[in-house]
Amino acid sequence: MTPTRIKLDRGRGALGPALELVHTGRAPTRAVLTTELGVTRATAGAVATELQALGLITVDPRPHAASGAQGRPSHRLDIAADGPVVLAVQVHADGYRVALVGLGGRIVATAPACMTVDADPARIIGDAVAAGAELLAATGRRCLGAGLAVPSAVAEPEGTALNPLHVAWPAGARVHDIFRDCLAAAGIGVPGRCGNDVNLAALAEHRHGAGQGSQHLLCVATGHRGVGGALVLDGRLHTGSAGLALEVGHLIVDPAGRACHCGARGCLDVETDPLALLETAGVTPDPALSPLDQARALLGEGHPAEPGTRQAVEQLVDRLGQGLATMVNVLNPDRIILGGLHQSLLAAAPERLRSVVADRSLWGRSGSVPILPCSLGHNSLVGAAELAWQPVLDDPATALAVR
């Protein structure tokens, strides 16, 4: 056995961690990869070469010195631009999106968005998968997996949409099985995985967006309707014993408030979502348009001039801040990121929101938590891709050998 082969065998267990470092942008050079893995330069070089041979990354053959840096120049590492992809599908209350996503969270190709959701989950998931199959045929890219984001808590290990309040699906719809069957019917011979849309948005933001570097990340976001939450602890989603954790949309922030789909009143879900903003501002929603798009249009550039809209923003910000303060008291996150309409509310009244959270938190301003907007354009879609990429990140050589 050659010395290079010996080094590679010793470093084979580092293939997954190394790929994740490049995938998340934390190892832009071979020198950084060496440090992060805690291995010798020779082993890091062998690992990078193996990942390049698998078609997953590229290694610049010429070492470069970082701008202004001292020390030995190093080889740059990047995601292979023509490498394999995964199929990502997001179903939301007003339609679906489909994309092919490469490593690094890079969206390679997208299909036109659909703006209707059938009451039969098999029909809309089947349509979305068929659109994905067309993308794969058109691009000729190798597909290694598929991920589905849905607007519902997903019970594990059954993979059922336990209570899809914002789509007309039956409770307990077996979305995992449906997704698997649709992939097979479309001739896409890869495993399918599914999860809650806000959970997957949080995962994407933690790896590629506003949550990078956080150890205890709380994500709260509106969808096109409703509110969801997610917690990422030490790089892993916290989903509870059965995948149902962080249903923060049903924290009560106004006991005399609107009736919620869950049977309570004044839940965050119905007090701070797009429909709540439109209603509070005295705007009748257009049923032909997305409530989220209408709410964002009402806010304009983030500083609404119309008094009724300003008052509506203040009311929703106060309700949102109250809910976030409760979560801070219970979860003690080191960062909060907001998505959907909540991201727009933060832009419209940042100081008011942060003040409400600090005032309502047990720790007060001395224990204030950074509150940031999500930074990825389609984070639930990218998160669905992260779900599909995970087996490859865990064991690249084995995952590619069976595809």
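Residues numbered from 1 in each chain as written. Predicted model: local features only at pLDDT ≥ 70, side-chain atom pairs only at ≥ 80, totals over all residues. Heavy atoms only, no water.

- Identification of the chain as ROK family protein from Streptomyces spiramenti is taken from an unreviewed UniProt entry.
- Its UniProt record gives the chain the following Sequence similarities (unreviewed entry) comment, quoted word for word: "Belongs to the ROK (NagC/XylR) family." (UniProt positions renumbered as here; feature names shortened; annotations may be inferred.)

**Comments concerning the overall build of the chain**
So, step 1. Within the chain, the secondary structure is distributed over 15 helices and 14 strands.
So, step 2. The globule rule puts the C-alpha radius of gyration for 403 residues at 22 Å, and the 22 Å found for the chain is close to it.
So, step 3. The dimensions of the chain, computed from C-alpha atoms along their principal axes, are 75 × 55 × 40 Å.
So, step 4. Taking the contacts inside the chain whose residues are at least 6 apart along the sequence as the reference set, 64% of them involve residues at least 24 apart.
So, step 5. Put simply, the chain has 32 plus and 37 minus side-chain charges, and the middle of one group is 9 Å from the middle of the other. (Helix = DSSP H or I, 4+ residues; strand = E, 2+ residues; numbered from the N terminus. Rg over C-alpha atoms; globule rule 2.2 N^0.38 Å. Contact = heavy atoms within 4.5 Å. Lys, Arg positive; Asp, Glu negative; His and termini not counted. Charge placed at Lys NZ, Arg CZ, Asp CG, Glu CD.)

**Things to note about the nonpolar core**
So, step 1. Among the nonpolar cores identified, the biggest contains 35 residues, and L19, L33, L51, I57 and W389 are the most heavily contacted of them.
So, step 2. The biggest single contributor to this core is helix α14 (residues 379–394), with eight residues.
So, step 3. Split by domain, the residues of this core number at least three in each of domain 1 (15–79) and domain 2 (85–199 + 379–401).
So, step 4. Other than its neighbours up to four places away in sequence, W389 contacts P84, V85, V86, V101, G102, L103 and L144. (Core = buried A, V, L, I, M, F, W, Y, C linked by side-chain atoms within 4.5 Å. Buried < 20%, exposed > 50% of the residue type's maximum accessible area, 1.4 Å probe, protein only. Domains from an automatic or database assignment.)

**Brief notes about the sheet that holds strand β14 (residues 371–373)**
So, step 1. The strand order β12-β11-β10-β13-β14 describes an open sheet built from five strands, whose pairing is mixed. Each end of this open sheet is capped by a strand with a single partner; those strands are β12 (236–237) and β14.
So, step 2. Two strands pair when backbone bridges link them, and strand β10 (residues 216–222) and strand β11 (residues 227–233) are joined in this way by seven bridges, in the antiparallel orientation. Bridge pairing in β11 links T222 to V227.
So, step 3. Strand contacts of helix α12 (residues 341–348): β10, β11, β13 (335–339) and β14, with the helix running at about 110 degrees to β13, the strand carrying the most contacts. (Pairing = 2+ DSSP bridges. Axes fitted to C-alpha atoms, helices over the stretch in contact; angles between N-to-C directions.)

**Remarks on the sheet that holds strand β6 (residues 143–150)**
The pairing of strands in a sheet comes from backbone hydrogen bonds and takes either a parallel or an antiparallel form.
So, step 1. Read from one edge of the open sheet, five strands run β5-β4-β3-β6-β9, paired in mixed fashion. Only two strands of the sheet have a single partner each, and these edge strands are β5 (107–114) and β9 (192–196). Taking the axes of each pair of neighbouring strands and ignoring which way they run, one obtains an average angle of 15 degrees across the sheet.
So, step 2. Sheet analysis places strand β3 (residues 85–92) next to β6, joined by five bridges and oriented parallel. Considered in β6, the bridge of V85 is made with C143.
So, step 3. In the packing of helix α5 (residues 121–139) onto the sheet, contacts are made with β3, β4 (95–101), β5 and β6, and the angle to β4 comes to roughly 30 degrees.

**Looking at the side chain of H342**
So, step 1. Assignment of secondary structure puts H342 in helix α12.
So, step 2. Polar side-chain contacts of H342 include one of 3.1 Å to the side chain of T272.
So, step 3. Apart from residues no more than four positions distant in its own chain, H342 is found in contact with V220, A221, T222, V227, T272 and L320. (Polar contact = N/O pair within 3.5 Å; in protein donor to acceptor, adjacent residues only side chain to side chain.)

**Looking at the packing of helix α2 (residues 15–23) against α14**
So, step 1. Axis separation between α2 and α14 bottoms out at 8 Å; the angle between their running directions is 140 degrees. The pairing of α2 with α14 is recorded here as oblique in orientation. Contact with α2, carried on its side by G16, P17, L19, E20 and H23, involves E386, V392, L393 and D394 of α14 and no other residues of that element.
So, step 2. Residue classes in the contact of α2 with α14 are distributed as four nonpolar, two polar and three charged. (Parallel < 35°, antiparallel > 145°, perpendicular 65-115°, else oblique. Nonpolar A, V, L, I, M, F, W, Y, C, P; charged D, E, K, R; others polar.)

**Brief notes about the environment of L100**
So, step 1. For L100, the location among the structural elements is in strand β4.
So, step 2. Since its relative accessible area comes to 0%, L100 is described here as buried.
So, step 3. A C-alpha to C-alpha distance of 9.6 Å links L100 and L381, two positions 281 residues apart in sequence.
So, step 4. The contact partners of L100, leaving out residues within four places of it in the chain, are V85, V86, L87, R106, I107, V108, A109, G132, L135, L136 and T139.

**Description of the pattern of salt bridges**
So, step 1. Summed over the entire model, instances satisfying the criterion amount to twelve salt bridges.
So, step 2. The closest approach of N and O atoms between D78 and R106, which form a salt bridge, is 2.8 Å. Here D78, found in strand β2 (residues 77–79), pairs with R106, found in the loop between β4 and β5; they are 28 residues apart in sequence, far enough to count as distant.
So, step 3. Residue classification places D78 among the partly exposed residues on the basis of a relative accessible area of 37%.
So, step 4. One salt bridge connects R319 with D254, and the closest N-O pair in it is separated by 3.2 Å. Placement of the pair is R319 in helix α11 (residues 307–331) and D254 in the loop between β12 and α8 (268–271), with a sequence separation of 65 residues. (Salt bridge = Lys/Arg side-chain N within 4 Å of Asp/Glu carboxyl O.)

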